[in-house]
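Fold and geometry: a report
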Amino acid sequence: MGSTEERVVAVIMVGGPTKGTRFRPLSLNIPKPLFPLAGQAMVHHPISACKKIPNLAQIYLVGFYEEREFALFVSSVSNELRVPVRYLREDKPHGSAGGLYNFRDLIMEDNPSHIVLLNCDVCCSFPLPEMLEAHRRYGGMGTILVIKVSPESAYQFGELVADPDTNELLHYTEKPETFVSDRINCGVYIFTPDIFTAIQGVSTQRKDRATLRRVSSFEALQPANRSLPTDYVRLDQDILSPLAGKKHLYVYETKDFWEQIKSPGMSLRSSGLYLAQFRFTSPHLLASGDGTKNATISGDVYIHPSAKVHPTAKIGPNVSISANARIGAGVRLVSCIILDDVEIKENAVVIHAIVGWKSSIGRWSRVQASGDYNAKLGVTILGESVIVEDEVVVINSIVLPNKTLNVSVQEEIIL
Amino acid sequence: MKALILVGGFGTRLRPLTLSVPKPLVEFANKPMILHQIEALKAIGVTEVVLAINYQPEVMLNFLKEFETKLGIKITCSQETEPLGTAGPLALARDNLVDDSGEPFFVLNSDVISEYPLQEMIDFHKSHGGEASILVTKVDEPSKYGVVVMEESTGQVERFVEKPKVFVGNKINAGIYLLNPSVLDQIELRPTSIEKEVFPNIAAEKKLYAMVLPGFWMDIGQPRDYITGLRLYLDSLKKKSSPKLAFGPHIIGNVLVDESAKIGEGCLIGPDVAIGSGCIVESGVRLSRCTIMRGVRVKKHACISSSIIGWHSTVGQWARVENMTILGEDVHVCDEIYSNGGVVLPHKEIKSSILNPEIVM
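Source: prediction; values computed, not measured. (Residues numbered from 1 in each chain as written. Chains lettered and ligands numbered in written order. Predicted model: local features only at pLDDT ≥ 70, side-chain atom pairs only at ≥ 80, totals over all residues. Heavy atoms only, no water.)

**Regarding the overall build of chain A**
For clarity, the threshold we go by: Each helix is a run of DSSP H or I of at least 4 residues and each strand a run of E of at least 2, with the numbering of both proceeding from the N terminus. Restricting the calculation to C-alpha atoms gives the radius of gyration, and the globule rule supplies 2.2 Å times the number of residues raised to the power 0.38. Categorising residues by exposure relies on relative accessible area from a 1.4 Å probe, with only protein chains included: less than 20% of the type maximum marks a residue as buried, more than 50% marks it as exposed, and the intermediate range marks it as partly exposed. Two residues qualify as a contact provided that any one of their heavy atoms is within 4.5 Å of a heavy atom in the partner residue. Methods summary: accessible areas were calculated by the Shrake-Rupley approach with a probe of 1.4 Å, and residue burial reflects only the protein chains presented. Charged-residue counts in this description rest on Lys and Arg as positive and Asp and Glu as negative, His and the chain ends being excluded. Just so you know, the charge point we use is NZ for Lys, CZ for Arg, CG for Asp and CD for Glu.
Each helix and strand in chain A was counted, giving nine helices and 31 strands. Its C-alpha atoms give chain A a radius of gyration of 23 Å, within 12% of the compact-globule value 22 Å for 415 residues. In terms of overall dimensions, chain A has C-alpha extents of about 70 × 50 × 40 Å along its principal axes. Per-residue burial for chain A yields a buried fraction of 55% across its 415 residues. Here the analysis covers contacts within chain A between residues at least 6 apart in sequence; of these, 55% occur between residues at least 24 apart. Of the roughly 18,200 Å² of accessible surface on chain A, 49% is carried by carbon and sulfur atoms. When the 42 positive and 44 negative side-chain charges of chain A are each reduced to one mean point, those points stand 2 Å apart.

Here you go:
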């Protein structure tokens, strides 16, 4: 079993500001990893999950944002969860594996026996202690979390084929054009420190090829690795694919929920999944009420302690209300995220939307969308400080910060 | 003499450009919008300009220090903590605008460009002896605006009519005013509209006079009008035989090219084009009716028309960009791409053609 010597270090990749523009317009005001899902920052969820790992020594957040954007959060979460969290800024892109390699000295400082690598923009139950146990049983270099998806949607991800008895990874392809498998890569991994040797191997191989290109013009014409710098190593194409079938890598399958959080619409869906999870793991976080002393609550709802909700309002299912929000009399909220300092006036209705910080929703106004999380305008997004005047209707639209809507709009992006 | 420039809000109509830079600092004809006005004010002897702002004061303040020294004029900021409308900011800046001299002060709207006949306006103000003077401009479709109904010979203003349904006149408020300090006594420090509350009162007392703006006028607060405004501005430069206009075999019509920009062989530039500092226009490029901001690279054989290309963007080889395409800062249009009215937010790469006007976030 795990001895007291076996420390674990977790690394969470958080990305950067110019990398994912798909999270706009919300990412215009806040780094995506800090956007709240079910009342907690997106990155807070994997951090809490890491805390369940025995002998967790350190958590590193690795990304391209400025240090100051994470300073407050890192200090507050370290305090709250009593676990050392540190933000490390990558100076230039190294690829998903290269980034890990770049900080290997820091990671190895605690002499960990295992390294957990997670992507921040993944909504998941993060079954890390069970995965770690499975990894120890397999005895390989790495274990990948996988989930079964519908065959039609598998092409968007990394598809894996594993041996059903030994769970060994036999084959891995990133976003294939033809169907390979309905098991996909969840973006959660456990490695032993020899992963660094494997990553270094890729760099060296690339360096040798670069040298070869200088002497042989034929090599120079090979398209495969032509433009990648030697220290740019991608986890999927450069490590997982080549090592599949060589008894180094294994899979662990989760049957719980899993979603990629790339767009604002998906953040609403993910918030709902985490709220549903709270019902089992932290029911004290969810709100309750029946319309007498507190507002009527239906389904899973999170309300920040400083938010004020009128008792005649009806909230839920899948609603998350952030700090200092004010929800007026007779308001109906369904499937939405209400951010800090929002004011929703009497009798307004919000369905399938995200209402940005400091916005104001007028009396009898209606902010709604179809609720199709994958459609571009499937969830209505109001940016920071948007004013929707009384009785105005906003449907399937995205409104950038600091706008005032005094006429109704449908299917529009308002800059 | 003193002046106030109403800078105000977030410039949302000029997005995506204003997502990178506050609106007054967005360049127009290769010069920050607000600098056109500050220079015109300095030229007629204004010694202090107050900017009434409510957004990003830090960025503005840095810019101002630089121009205070360069121009030798005092520039201060008056920051609204809540939006005060079009008249409230004057009350807020009262102490800066009024001194013992009793001289009138100018009020300008930051979105407006024109020839700024400020000296003529001072003379007009002295001659009628009223309390306030406003510039008006003649437009084709007055119902879109606030019309100023005035007595033609004296210029005395009778009344304002907002978006009139029948024809009452074709002169609209051009957003440039010269006011006696006594006007400030009528403005409270609260959200107030100068057109709806203050001016109608002064007009009722028969103390408000309007002068018709000679020359061009444009509100360049949104992309379509910005592009039209550039044409009018360059036209007026031409009438004054300004040496700033470019000439050469590859230039058609009125074109402004910053001296640090490089233009390749076989290009055809113009009419109505402004090319900012540090731009590189490679060979075989066609540019017409467009603004190319600082640091842009336009690659070979590309064709850009009726568009605005944001700072440090690139337009790929053989790309065709037209019909009110607005590229924000650091946008890269790949080779051979076609953009028909794409409005692209900063830091994007356009890898597939935009066939119909669309916002790309």
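That was the structure; now back to the text.
**Describing the pairing of strand 11 (residues 183–191) of chain A**
Residue and element names in this part refer to chain A. Note the cut-off: For two strands to be treated as a pair, DSSP must find at least two bridges joining them.
Of all nine residues in strand 11, eight are buried; the element is thus mostly enclosed. Pairing of strand 6 (residues 114–119) with strand 11, which is carried by four bridges, proceeds in the antiparallel orientation. Note on strand 11: the bridge partner recorded for Ile115 is Phe191. In terms of strand pairing, strand 8 (residues 142–148) meets strand 11 through six bridges, oriented antiparallel. By the bridge assignment for strand 11, Lys148 is matched with Arg183. Looking at chain direction, strand 9 (residues 158–162) and strand 11 are connected through two bridges and run antiparallel. Bridged to Glu159 within strand 11 is Ile184.

**Some points on the nonpolar core**
Our working rule: Nonpolar cores are built from buried Ala, Val, Leu, Ile, Met, Phe, Trp, Tyr and Cys residues. Side-chain atoms within 4.5 Å join them into one set.
One finds Phe35, Ile47, Ile59, Leu61 and Phe73 of chain A together with Leu51 and Phe106 of chain B to be the most contacted residues of the largest nonpolar core, which totals 145 residues. Ignoring anything within four residues of it in the chain, the contact list for Ile47 of chain A reads Ile12, Ile59, Leu61, Phe73, Val77, Leu81 and Val85 of chain A. Ranked by size, the runner-up nonpolar core spans 34 residues in total, among them Leu106, Ile107, Val202 and Leu249 of chain A.

**Here we look at the interface of chain B and chain A**
Put simply, the rule reads: By convention, the term buried area covers the 1.4 Å-probe accessible surface removed from two parts as they join, with the contributions of both added. One speaks of a salt bridge when a side-chain nitrogen belonging to Lys or Arg is within 4 Å of a carboxyl oxygen belonging to Asp or Glu. We define a polar contact as two N or O atoms separated by no more than 3.5 Å, with the added condition that, inside protein, one atom must be a possible hydrogen donor and the other a possible acceptor, whereas residues neighbouring each other in sequence contribute only through side-chain atom pairs.
Taken together, the contacts link 13 residues of chain B with 13 residues of chain A. Counting each side, the surface lost to burial between chain B and chain A is near 1,200 Å², with a carbon and sulfur contribution of 62%. It is Arg15, Ile359 and Met361 of chain B in chain B that bury the most area against chain A; as a group they hold 51% of the surface buried on that side. Linking chain B to chain A there are one salt bridge. We note a salt bridge from Lys376 of chain A to Glu358 of chain B, for which the minimum N-O separation is 3.9 Å. Across the chain B-chain A interface, the total number found is five residue pairs in polar contact (both at pLDDT 80 or more).

**Focus on the environment of His248 of chain A**
Residue and element names in this part refer to chain A. Position of His248 among the secondary structure elements: in the loop between helix 8 (235–243) and strand 12 (249–253). Spatially, the C-alpha atom of His248 lies 12 Å from that of His171, the residues being 77 residues apart in sequence. Ignoring any residue separated from it by four or fewer positions in sequence, one finds His248 in contact with Gly140, Met141, Gly142 and Leu243.

**Description of the side chain of Ser360 of chain A**
Residue and element names in this part refer to chain A. The residue Ser360 is located in strand 23 (residues 360–361) in this model. Residue Ser360 is classed as buried on the basis of its relative accessible area, which comes to 13%. When sequence neighbours within four positions are dropped, the list of residues in contact with Ser360 reads Glu343, Lys345, Val386, Ile387 and Val388.

**Quick look at the confidence of the model for chain B**
As a reminder, the rule being used: pLDDT measures how confident the predictor is about each residue, on a scale from 0 to 100.
Per-residue confidence for chain B averages 92 on the pLDDT scale, and 100% of its residues sit at or above 70. Scored as a complex, the prediction yields pTM 0.86 and ipTM 0.79.

**Let's talk about the UniProt feature "domain: Mannose-1-phosphate guanyltransferase C-terminal" (unreviewed entry) in chain A**
Test applied: UniProt positions are given in the numbering used here, feature names are shortened, and annotations may be inferred rather than shown by experiment.
Those places that UniProt annotates as "domain: Mannose-1-phosphate guanyltransferase C-terminal" (unreviewed entry) correspond, in this numbering, to residues 297–414 of chain A. Counted over residues 297–414 of chain A, helix gives 0% and strand 42%. Its end C-alpha atoms are 32 Å apart.

**What to know about the environment of Arg320 of chain B**
Residue and element names in this part refer to chain B. Positionally, Arg320 belongs in strand 25 (residues 320–322). You can call Arg320 partly exposed: its relative accessible area is 40%. Beyond its immediate chain neighbours, meaning those up to four positions away, Arg320 contacts Cys303, Ile337, Tyr338 and Ser339. A distance of 2.8 Å separates the side chain of Arg320 from the side chain of Glu322, its partner in a polar contact.

**Describing the pattern of salt bridges**
Applying the stated criterion to the full structure yields 34 salt bridges over all chains. Among the salt bridges present, the one from Asp121 of chain A reaches Lys32 of chain A, with a minimum N-O distance of 3.0 Å. Placement of the pair is Asp121 of chain A in the loop between strand 6 and strand 7 (122–124) and Lys32 of chain A in the loop between strand 1 (8–15) and strand 2 (36–37), with a sequence separation of 89 residues. Lys32 of chain A matches Asp121 of chain A in its accessibility class, with the two residues each being buried. The salt bridge involving Arg190 of chain B is made with Glu197 of chain B; its shortest N-O contact spans 3.2 Å. Within the structure, one salt-bridge network assembled from shared partners comprises Asp182, Arg183, Glu253 and Lys255 of chain A.

**Some thoughts on the packing of aromatic side chains**
For clarity, the cut-off: In this scheme Phe, Tyr and Trp rings, the latter by its six-membered ring, pair at centre separations within 6.5 Å, and the angle between planes marks the pair as stacked below 30 degrees, edge-to-face above 60, and tilted otherwise.
Applying the stated criterion across every chain yields a total of 15 aromatic pairs over all chains. Between Tyr138 of chain A and Tyr250 of chain A, the aromatic rings sit 4.9 Å apart at their centres with planes inclined by 15 degrees, giving stacked as the arrangement. With Tyr138 of chain A in helix 5 (residues 128–138) and Tyr250 of chain A in strand 12, this residue pair connects regions lying 112 residues apart in the sequence. For the pair Tyr138 of chain A and Tyr250 of chain A, a shared accessibility class is recorded, and that class is buried. With a centroid separation of 6.3 Å and an interplanar angle of 85 degrees, the aromatic rings of Phe216 of chain B and Tyr233 of chain B are classed as edge-to-face.

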